Amino acid sequence: MTVALPLTIREAVLALSNTPDARLIQGGTDMMVEVNFNHLKPNNIIALRRIQELRTWQKNADGTVTIGAGVPYQEMESGELKQLVPALAEAARTVGSPQIRAAGTLGGNLGTCSPAGDGLPVLFALDAVVHLQSHEALRQISIHEFMLGVKRNARNANEIITAVTIPLLNGWQGYAKVGVRNAMVISVASACLAIDKSTNSVRIGLGAVGPTIIRCRDAESWLSQQFDFSSTTGIDGAVAKEFGRRVTLESKPIDDHRSTAEYRRHAVGVLAQRLITRAYPS
Ligand SMILES: Cc1cc2nc3c(=O)[nH]c(=O)nc-3n(C[C@H](O)[C@H](O)[C@H](O)COP(=O)(O)OP(=O)(O)OC[C@H]3O[C@@H](n4cnc5c(N)ncnc54)[C@H](O)[C@@H]3O)c2cc1C
C-alpha cells in the first residue's frame, strides 16, 4: 500500500488525478473500520490530515461560515463556531467519543454519506453548500443535490471535498438524536430544527429515516402558517404535537439491525415536537 501525504489541496488533487484508484483518508474513523474488517484493501491512499487549508474555517462577509472538510468535530463543539452554528455544535457533541471527535470530520461524514451521519441533518436544515475540487476545476453544489442515497453522493472520483458553506440564521436551532444508549451510538433517528426569523420560517432535516436526509417541506410550511417565529411566547402544545405528527408522515424509515421502521417513525415525531418546544418553551 502506498500512502501519499500532500501538504496542500493542490498537491492532493494532483495526487488523485495521478492515482485515480486512491482512497482519501481524513480522520480515518470510518475508513479504518472498513480496512480493519477487510472490507476495503486500497492499494493507494491519499492522507489529507496534513493539509492545513482543510483544517481552517472562516466567517464570511455575506452572512455565511465556511468550514474546511478537515476541521474535527471537537472544534465545532465549543467556542465561536458553537455561537455561529449551535445546531452543528449539538450534533458534533453527539458523535462517538472524545477520541472520535478529535479525529472525525464533516468531510468524512459527507464522504461516507450515511443517512445516520450526525452532521448531515444539520447541513440539510441549514441549506449548506459543498465545495469540491479536482485537478481541473472547483465547483459548489447544494447539499440537497450532493447526497444521492445510502452512502452515495455526487462527488466525482477525481474530486476532493474541501469545505462546506453554511448560511448563518437569525433564530433558534438545535439537534437531537435517539440511539440504543446515551453515548457512543449511531443514530436510530435524528433531527435538526432551525428557525429563520428573517423569512419567518422553520426548517427540519431528519436523519436515519430514509435513504437520504429528509427535509420535511410540508410540515415546515404547515407550521409557518400556524406560528409567528418572531414570537416571544411559547408554542401551543397541540400545535407542537401536530407538527411532530406531520413530520412523521414525511419520514421513510426501514427495519434494520438497529431498529424498526415503526419505532423510527414514532421517534422522529417526538424529536420534532421536542425541538420546537425547546425553541419556544411555554
Ligand atoms: C467508534 C465510532 C463511533 C462513531 N460514532 C459516530 C456518531 O455518533 N455519529 C456519526 O455521524 N458518525 C460516527 N462515526 C463515524 C465517523 O466518525 C464519522 O462519519 C466521521 O465524520 C468520519 O470522518 P473522518 O474524517 O474520520 O472520515 P474518514 O474515515 O477519513 O473518511 C470517511 C470517508 O470519506 C472519504 N473522505 C474523507 N475526507 C474526504 C474529503 N475531504 N473529500 C472526499 N472524500 C473524503 C473517505 O475516502 C472515506 O470514504 C463513528 C465511528 C466510530 C469508529
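Quick notes on the rules
Residues numbered from 1 in each chain as written. Predicted model: local features only at pLDDT ≥ 70, side-chain atom pairs only at ≥ 80, totals over all residues. Heavy atoms only, no water. Helix = DSSP H or I, 4+ residues; strand = E, 2+ residues; numbered from the N terminus. Expected span 1.5 Å × (residues − 1). Contact = heavy atoms within 4.5 Å. Polar contact = N/O pair within 3.5 Å; in protein donor to acceptor, adjacent residues only side chain to side chain. Phe/Tyr/Trp six-rings, centres within 6.5 Å; stacked < 30°, edge-to-face > 60°. Buried < 20%, exposed > 50% of the residue type's maximum accessible area, 1.4 Å probe, protein only. Pairing = 2+ DSSP bridges. Near = heavy atom within 4 Å. Areas by Shrake-Rupley, 256 points an atom, 1.4 Å probe, with all protein chains shown as cover. Domains from an automatic or database assignment. Buried area = accessible area lost by both parts, 1.4 Å probe. Salt bridge = Lys/Arg side-chain N within 4 Å of Asp/Glu carboxyl O.

1. Some details on helix α11 (residues 237-250)
Okay, step 1: Taking 1.5 Å per residue, 14 residues should reach 20 Å; α11 reaches 21 Å between its end C-alpha atoms and fits that length.
Okay, step 2: Check the buried side of α11 and you find it contacts β12 (189-196), β13 (201-207), β14 (214-215), α10 (217-226) and α12 (261-279).
Okay, step 3: Structurally, the start of α11 carries an N-cap: the backbone nitrogen of Ala238 is 3.0 Å from a side-chain oxygen of Asp236.

2. Topic: the packing of aromatic side chains
Okay, step 1: Taken as a whole and assessed by the stated rule, the structure comprises three aromatic pairs.
Okay, step 2: A centroid spacing of 6.2 Å and a plane angle of 50° characterise the contact between Phe229 and Tyr280, whose relative ring orientation is tilted. In this pair, Phe229 sits in the loop between α10 and α11 while Tyr280 sits in the segment after α12, placing the two residues 51 residues apart along the sequence.
Okay, step 3: Here a set of aromatic residues connected by ring pairs shows up, and it is made of Phe227, Phe229 and Tyr280.

3. Quick notes on the environment of Ser187
Okay, step 1: Its place among the elements puts Ser187 in the loop between β11 (173-178) and β12.
Okay, step 2: On the basis of relative accessible area, Ser187 is assigned to the buried category, the value being 1%.
Okay, step 3: Ser187 sits eleven residues away from Ala176 along the chain, and the two C-alpha atoms are 9.5 Å apart.
Okay, step 4: When sequence neighbours within four positions are dropped, the list of residues in contact with Ser187 reads Ala116, Asp118, Tyr175, Lys177, Val178, Ala208 and Arg258.
Okay, step 5: A distance of 2.9 Å separates polar atoms of two side chains, one belonging to Ser187 and the other to Asp118.

4. Observations regarding the pairing of strand β10 (residues 160-167)
Okay, step 1: The buried fraction of β10 amounts to seven of the eight residues, a majority that puts the element mostly inside the structure.
Okay, step 2: Bridge count between strand β5 (residues 64-68) and β10: five bridges; the pairing is antiparallel. Looking at β10, one finds that Thr64 is bridged to Pro167.

5. Section: the site of the ligand
Okay, step 1: Residues in close proximity to the ligand total 34 residues, the closest being Leu24, Thr29, Asp30, Tyr73 and Asp118.
Okay, step 2: Protein chains bury 90% of the 990 Å² of accessible surface belonging to the ligand in isolation.
Okay, step 3: Contributing elements (two or more residues each) for the shell around the ligand: β2 (23-25), α2 (31-36), α6 (98-103), α7 (106-112) and β10.
Okay, step 4: With five residues, the single largest contributor to the shell around the ligand is α7.

6. Focus: the domain arrangement of the chain
Often, the extent of an interface is quoted as the loss of accessible area on bringing the components together.
Okay, step 1: Under the domain assignment used here, the chain contains domain 1 (2-167) and domain 2 (173-279).
Okay, step 2: For domain 1 versus domain 2, the distance between C-alpha centres works out to 25 Å.
Okay, step 3: Facing the 23 residues of domain 1 at the interface are 22 residues of domain 2.
Okay, step 4: When domain 1 packs against domain 2, close to 1,900 Å² is buried across both sides, 60% of that on carbon and sulfur atoms.
Okay, step 5: Together, Glu90, Pro121 and Ala125 form the three largest contributors to the area buried by domain 1 at its contact with domain 2, with a combined 26%.
Okay, step 6: Here domain 1 is connected to domain 2 by four salt bridges.
Okay, step 7: The salt bridge involving Glu90 is made with Arg278; its shortest N-O contact spans 2.9 Å.
Okay, step 8: Summed over the shared surface of domain 1 and domain 2, the number is twelve residue pairs in polar contact (both at pLDDT 80 or more).
Okay, step 9: Secondary-structure elements contributing two or more residues to the side of domain 1 that touches domain 2 are α5 (86-94), α8 (119-125) and β8 (147-149).

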